[in-house]
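Examination of the molecular architecture
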Amino acid sequence: MAEEDNIKWYAKDAPEVLEKLESSGNGLSGTDVEQRLKKFGLNKLAEEKQETPWDILKVQLRGFFNLVLYVAAILAFFVKDFTDAIFIIAILIINTSLAFYQEYKASRIMSGLKNLLTAKVNVLRDGTPVEIDSEQIIPGDIILLEEGMKVPADALLLEAHALSCDEAMLTGESLPAEKKYGKVEESAPLGDRFCMVYSGTTVVRGTGKAVACNTGMKTELGTIAKALQETKTPKTSFELEVDKLSKQITFVVLFLVVITALLLWLHHDKSNTEIALFSMSLGVGAIPESLPVVLSFALAMGAQQMARRKALSRRLAIVESLGSVDTICSDKTGTLTKNEMTVQSLYVAGHEPYYVTGEGYDAKNGEIQTRHVGSERLRLPLLGMLLCNDSKKIEKDGEITYMGDPTEIALRVAAEKGGYDSAEFAEKHPRIDEVPFTSDRQRMTTVHNFDGRKIAITKGAPEVILERCKSIYIHGKFVEISDEDRNAIKENLEHMQAQALRVLAVAGREIADSEKAEDSEENLAFVGLAGMIDPPRPEVKDALAEAMGAGIRTVMITGDHAITAKAIANRLGMGDRAVNGTDIEKMDDITLRSQVNDIDIVARATPMVKLRVLKAIQANKHFAAMTGDGVNDSPALKQADVGLAMGLRGTDAAKQAAGLVLLDDNYATIVGAIEEGRRIFDNIRKFVNYLLTCNIGEVLTVMLGALMGWQTLTAVMVLWINILTDVMPAIALGIDPPNPGLMKRKPRPHDEHILNKGVIWTTVIIGLKKGVENFIVFWVAYKLLNAKHPPEVQLMYAQTMAFTGIVVYAFVRIFVIRTFDTLSIWSNPWLCFGLGLAAITQLFIIYCPEVNTFFGLARLDWQDWGVLLLLAVWASVTGVMVSKWIEKHIGSVIDCSGAES
């Protein structure tokens, strides 16, 4: 047979398809199988090259800050300064280990897809049924379909007997798709191709026979897998900014270090080795190589906090990115809704509709709101729903689960809410005959033994059932149906349908012993209507309202019909401007971009439509998150700025494509995760501001001293400040609690930098101010207060004052930050601990004799602490004044107002 691509098998007659595939209703012969396996290969998805742990480690080792640290460590070893070398290596190990550990968790996207094709399947070979591995399926094979099996390939139906398939993983539809023999138009969307069954979907009811048309990567599942492989996960804007910021800071600091080294060489009687060693130590201290460590720690702690709120982060940078999300593209089924059909309304002639409470497959969670439950008024419709039903109730290890068609499960659960036990009544009234449901007939009939009487029960489409009814069950008795009765039924039917409920009618009658089930579907007695829907999750409405209050728009993208999607949207308070996926397919990219901001719902969406809508939203400069649980969502989850997979119902492929997994499948968890992302970004901005301010101050203190011919700080002092005084409070700032009103702000623009204008001006001006103030402290100590010290320790004393002044300034800087973020100093115990530790260790190294000798420090008296206290008061007042001026005239330093911006 000739290998052809892109054949629309669903638009061709079965005999033509068999001819093209050179097959027959008896299947392939052994010779054909061997040849075709060589030609088409195994029925499995191609695997993309996976990153090894060594590949991940190499990326981390080549990081820009790491390259700078390599040079510094080599120089330290070269001049035999092993203390500095060990410190630098320690930073390297910590930073690389943290980053490697997180990236090693990155999932292998294709493994989840591959697992969908590992089942056994029955096929016809030489007219005989044989069981083979699904990987052995080839085009032309005749597949025997039965309830519960996974479909191994895309196949055209040759026979179908009450056949339905769960295609939610491909289409997103909550209801099984009914299948039958025939063909459809070439333009038919995947969800409307009733004559095809698709690889990876599940047969939920009936039997059938189909000829395999496409296998492996040529299936619809394979098309998604290919798109997933070709969709590269982009770096987040945060990752790009950190890379850029790291390089800019490094080049500026290295320039200043070179200037400092030149000044030392011109004004000091020091050897080149000493100058090189000091310059290297200053560079290591001034370059914020600890910034990646602090960032990793803040993001990791944020990820841990999200995990407590049932959101598992798979990439650290995604944690911060959540704060910029302004659009959520959400699947309907299983995300906004429970993915459990639920009867919500019952109608019995002569009564107002009975409302059924509770949602999902839990009969204990809800009731039928009427005092007549258990009476004759509801007995017949509930019995009919229970007995004319192929679903199964299974109890295992104390847990109750249901199997079968979701519609029939909903009817069974509703009957149980009315007090009718399914096992008891099935045993009491056994089924003795049946006529299966088909989409052509739109009804199903079962015959049961009622104490020797044969009772036929029929359920199906209300219009079909009603036209076959000659009588009606009303007020506890059967009477001839009147036009008034029919109008009342139609009125209640229309009322249910207006609420987007799927409605089934139940009818029945007693039949003679000689009558067959096929003959029992005429002259029926109407007994009731049942209206059901896949209901919204109860917590989603509030979560959506909070998201809207935070400036976040939600777009529903579903495979379901528009009328159902709009009903769910109205219940949740979402917009209801809907468009069908087929309309999206007809739009070019420019048209779609121009219209996508006005679309609230995309109905009948295929996987590629989802991806196109997402890309159009992103092209309009929106920062988009995509929720999903099926294989069909995987490419869009990977393309999204933030991919959000469902943890309970999600396929492996969806989880591994996403950056974040919602462990409880709860839409409300998204809002909590976004709040966490905003908190983390605020904290990152705070500690970057803090770190850079400290580093600029340290470099300027040393440079001013070098200009005057003094060495204001020693190398070991600079390194000590870098390890303890700068890093500990910065790490603590990274886990600050959220500011009040955090979720009343609009999303931060995704291209807004950590260092915005306000932060840059604050960092530079406050850093310069700190450097000048510290140098003044050094100068006062060296020129005015040194008379109390012998000449040989006067420089050491002045260095001690400058060194301690930097530590004191850490407290001042935290005070200024707290003035603007409205949090109390006690709101973060770890920050208090970090500052306390810095204070205690500073006192320890000053007053412990052996230790202060190692650091080259002099003991300070009360007069010295008085000078430092004056510095603290002056720096606090001027720091607040400068920051307020910058915020008023240039830009916000820390956005904590809670106002929309």
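Every value quoted in this text rests on a predicted model; they were computed, and no experiment measured them.

Here the focus is the pairing of strand E12 (residues 392-396). In the sheet, E12 pairs with strand E13 (residues 399-403) via five bridges, with the strands oriented antiparallel. Residue pairing across strands places Lys396 opposite Glu399, the latter belonging to E13. Between E12 and E13, which pair antiparallel and follow one another directly, the connecting turn spans two residues, one of which, Asp397, has a positive phi of 55°.

Within this structure, the stated rule accounts for four cavities of 30 Å³ or more. Estimates place the volume of the largest cavity at around 70 Å³. Surrounding the largest cavity, Leu170, Thr171, Glu173, Pro189, Leu190, Gly191, Gly559, Arg604, Ala605 and Thr606 form its lining. The residue makeup of the lining of the largest cavity, split by class, is four nonpolar, four polar and two charged.

This next bit is on the pairing of strand E25 (residues 642-646). Within a regular strand, side chains alternate between the sheet's two faces. Counting buried residues along E25, five of its five residues qualify, which places the element largely inside the surrounding structure. In E25, alternate side chains face the same way, and those of Val642, Leu644 and Met646 on one face and Gly643 and Ala645 on the other are all buried. Pairing of E25 with strand E26 (residues 660-662), which is carried by three bridges, proceeds in the parallel orientation. What sits directly across from Leu644, in E26, is Leu660.

Tracing the sequence through the fold places His429 in the loop between helix H16 (422-428) and strand E14 (431-438). Taking the relative accessible area as the measure of exposure, His429 reaches 3% and is therefore buried. What His429 contacts, discounting residues up to four positions off in sequence, is Leu387, His448, Asn449 and Phe450.

Here we take up the confidence of the model for the protein. Per-residue confidence for the protein averages 82 on the pLDDT scale, and 87% of its residues sit at or above 70. Mean pLDDT across the elements of the protein ranges from a minimum in helix H6 (residues 109-114), with 36, to a maximum in strand E6 (residues 196-197), with 96. The model gives residues 105-118 a pLDDT under 50, and that stretch makes 43 contacts with residues more than four places away or in other chains. Under a pLDDT of 50 for its full length, residues 896-901 has, in the predicted model, 18 contacts with residues more than four places off or in other chains.

As a further point, take the sheet that holds strand E24 (residues 624-628). Judged by pairing direction, the sheet is mixed, and its eight strands sit side by side in the order E8-E26-E25-E24-E9-E21-E23-E22 without closing on themselves. Both edges of this open sheet fall to strand E8 (311-313) and strand E22 (578-580), since each of them pairs with a single strand only. Here the average twist between neighbouring strands, direction ignored, is 20°. With three bridges joining them, E8 and E26 adopt antiparallel strand pairing. Bridged to Ser313 within E26 is Leu660. Here helix H20 (residues 562-572) sits on the sheet and contacts strand E21 (553-557), E22 and strand E23 (601-603); the angle it forms with E23, its principal contact strand, is near 150°.

Turning next to helix H29 (residues 791-821). Taking 1.5 Å per residue as the helical rise, H29 with its 31 residues ought to reach 45 Å, and the 46 Å between its terminal C-alpha atoms agrees with that figure. In terms of burial, H29 is a largely internal element, 23 of the 31 residues being buried. Just downstream of H29 lies Thr822, where phi reads positive at about 65°.

If you walk through the whole model with that rule in mind, you get 32 salt bridges. Residue Arg604 pairs with Asp192 through a salt bridge whose shortest N-O separation is 2.3 Å. Linking Arg604 in the loop between E23 and helix H23 (607-619) with Asp192 in the loop between strand E5 (177-179) and E6, this pair joins segments that are 412 residues apart in sequence. Overall, Arg604 belongs to the buried group, its relative accessible area being 10%. Of the charged contacts, one joins Glu676 and Arg679 as a salt bridge, the two residues approaching to 2.4 Å between their closest N and O atoms. You can see Glu676 and its partner Arg679 sitting in helix H26 (residues 667-708), three residues apart, about one turn around the helix. Across the pair, Arg679 and Glu676 agree in class, each one buried. A cluster of three or more residues bridged by salt bridges with shared partners is formed by Arg205, Asp405, Glu408 and Lys459.

Moving on, we come to the packing of aromatic side chains. Describing an aromatic ring pair means giving the distance of the ring centres and the angle of the ring planes. Taken as a whole and assessed by the stated rule, the structure comprises ten aromatic pairs. Centre to centre, the rings of Phe778 and Tyr782 are 5.7 Å apart; their planes meet at 25°, and the pair counts as stacked. Of the two residues, Phe778 and Tyr782 are both situated in helix H28 (residues 757-783); the distance of four residues between them amounts to about one turn of the helix. Take Phe778 and Tyr782: they sit in the same class, and that class is buried.

Rules of the game
- Residues numbered from 1 in each chain as written.
- Predicted model: local features only at pLDDT ≥ 70, side-chain atom pairs only at ≥ 80, totals over all residues.
- Heavy atoms only, no water.
- Pairing = 2+ DSSP bridges.
- Helix = DSSP H or I, 4+ residues; strand = E, 2+ residues; numbered from the N terminus.
- 1 Å grid on protein atoms, 1.4 Å probe; cavity = no way out; pocket = protein on both sides within 12 Å on 5 of 7 lines; lining within 4 Å.
- Points joined across faces, edges and corners; volume = space filled by probe spheres on them.
- Nonpolar A, V, L, I, M, F, W, Y, C, P; charged D, E, K, R; others polar.
- Buried < 20%, exposed > 50% of the residue type's maximum accessible area, 1.4 Å probe, protein only.
- Contact = heavy atoms within 4.5 Å.
- pLDDT = per-residue confidence, 0-100.
- Axes fitted to C-alpha atoms, helices over the stretch in contact; angles between N-to-C directions.
- Expected span 1.5 Å × (residues − 1).
- Salt bridge = Lys/Arg side-chain N within 4 Å of Asp/Glu carboxyl O.
- Phe/Tyr/Trp six-rings, centres within 6.5 Å; stacked < 30°, edge-to-face > 60°.

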